[in-house]
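Listed here are the chains, written in short residue letters.
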Amino acid sequence: MELTGNVILRSEAMKLVLSGQPFDMEFVTADRRRGTGGELKSVKKWMKLREDLPNEKIPGSFAPKYRRERDSNNWGNRTFRIFDPADRSQHPITVHFRLIISFNQKTVLNG
């Protein structure tokens, strides 16, 4: 499918997220368990959080060892975690891939 203009397929956006490069993104928050969400969030120059990052680059990690207390099941929930590499004091945010509105100033389409 040939896309023109200011649009990107969701699958292409996810490839760019997984590439490890910083990106700009708008998405809607949601938490079914707590019944909260519906906020439009906008981030600039954020990156996907990888578990293999060195401790000094992991956001909010002031302890010597970064350790997750539970398995987040991101793959099964179709979510991924993002963080701001320029401000490690901010907590990572979990994003559901279906709730992405725009990616690098392009409207995200299903596909």
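Up top is the structure.
Remember, predicted model here, so these are calculated numbers, not experimental data.

Draft legend 1. Seen up close, the pattern of salt bridges. If you walk through the whole model with that rule in mind, you get two salt bridges. Of the charged contacts in the structure, one is a salt bridge between glutamate 12 and lysine 15, with a shortest N-O distance of 3.4 Å. In this pair, glutamate 12 and lysine 15 are both assigned in helix α1 (residues 10–18), three residues apart and thus about one turn of the helix distant. Relative accessible area serves as the criterion here: at 35%, glutamate 12 is assigned to the partly exposed category. Taking the relative accessible area as the measure of exposure, lysine 15 reaches 53% and is therefore exposed. Residue glutamate 39 is joined to lysine 41 by a salt bridge in which the shortest nitrogen-to-oxygen separation is 3.9 Å. Of the residues examined, glutamate 39 reaches a relative accessible area of 47% and is grouped as partly exposed.

Draft legend 2. Structural context of the sheet that holds strand β6 (residues 100–103). One open sheet accounts for seven strands, arranged β1-β7-β6-β2-β3-β4-β5; its pairing is mixed. Only two strands of the sheet have a single partner each, and these edge strands are β1 (7–9) and β5 (93–96). Across the sheet, the mean angle separating the axes of adjacent strands is 35° when strand polarity is ignored. Bridge analysis of strand β4 (residues 79–83) against β5 gives four bridges, and the strand direction is antiparallel. Each residue of the ladder has a partner; that of threonine 79, found in β5, is histidine 96. Sheet strands touched by α1: β1, β2 (23–31), β3 (36–48), β4, β6 and β7 (106–109). Its angle to β1, the strand with the most contacts, is close to 80°.

Conventions adopted
- Residues numbered from 1 in each chain as written.
- Predicted model: local features only at pLDDT ≥ 70, side-chain atom pairs only at ≥ 80, totals over all residues.
- Heavy atoms only, no water.
- Salt bridge = Lys/Arg side-chain N within 4 Å of Asp/Glu carboxyl O.
- Helix = DSSP H or I, 4+ residues; strand = E, 2+ residues; numbered from the N terminus.
- Buried < 20%, exposed > 50% of the residue type's maximum accessible area, 1.4 Å probe, protein only.
- Pairing = 2+ DSSP bridges.
- Axes fitted to C-alpha atoms, helices over the stretch in contact; angles between N-to-C directions.
- Contact = heavy atoms within 4.5 Å.

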